[in-house]
Amino acid sequence: MSQSSSPSPTSEQPAPGSEPKKDSYVKLAMRNMVRKRGTSVKHFVMTSTGLLAVLVGLAYLTR
């Protein structure tokens, strides 16, 4: 029982003569976010803190 060494047809290799399928913007953004996990968390915390500061500041000014 020997297995063939040829790739399966469901592999991600493009067929000869066809153009490779381009990933969507969302898929690329999600892949980038997973690769740069620390940066994404830092930016999320900074954005949340800034938004909270703006809301507290507006509440203080309009009381």
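The next point concerns the overall build of the protein. Looking only at helices and strands, the protein has two helices and zero strands in total. The buried share of the protein, reckoned over its 63 residues, is 0%.

Bringing the pattern of salt bridges into the picture now. With the rule as written, the count across this model stands at two salt bridges. Across the pair Asp23 and Lys27 runs a salt bridge whose closest N-O atoms are separated by 4.0 Å. Relative accessible area serves as the criterion here: at 33%, Asp23 is assigned to the partly exposed category. Residue class for Lys27 comes out partly exposed when judged on its relative accessible area of 47%.

Next up on the list: a nonpolar patch on the surface. A surface patch of nonpolar side chains, about 480 Å² in accessible area, is lined by Tyr25, Val26, Met30 and Met33. Structurally, Met33 can be placed in helix α1 (residues 25-35).

What counts, and where the lines are drawn
- Residues numbered from 1 in each chain as written.
- Predicted model: local features only at pLDDT ≥ 70, side-chain atom pairs only at ≥ 80, totals over all residues.
- Heavy atoms only, no water.
- Helix = DSSP H or I, 4+ residues; strand = E, 2+ residues; numbered from the N terminus.
- Buried < 20%, exposed > 50% of the residue type's maximum accessible area, 1.4 Å probe, protein only.
- Salt bridge = Lys/Arg side-chain N within 4 Å of Asp/Glu carboxyl O.
- Patch = residues over 30% accessible without salt bridge, like charges linked within 9 Å, V, L, I, M, F, W, Y side chains within 5 Å.
- Areas by Shrake-Rupley, 256 points an atom, 1.4 Å probe, with all protein chains shown as cover.

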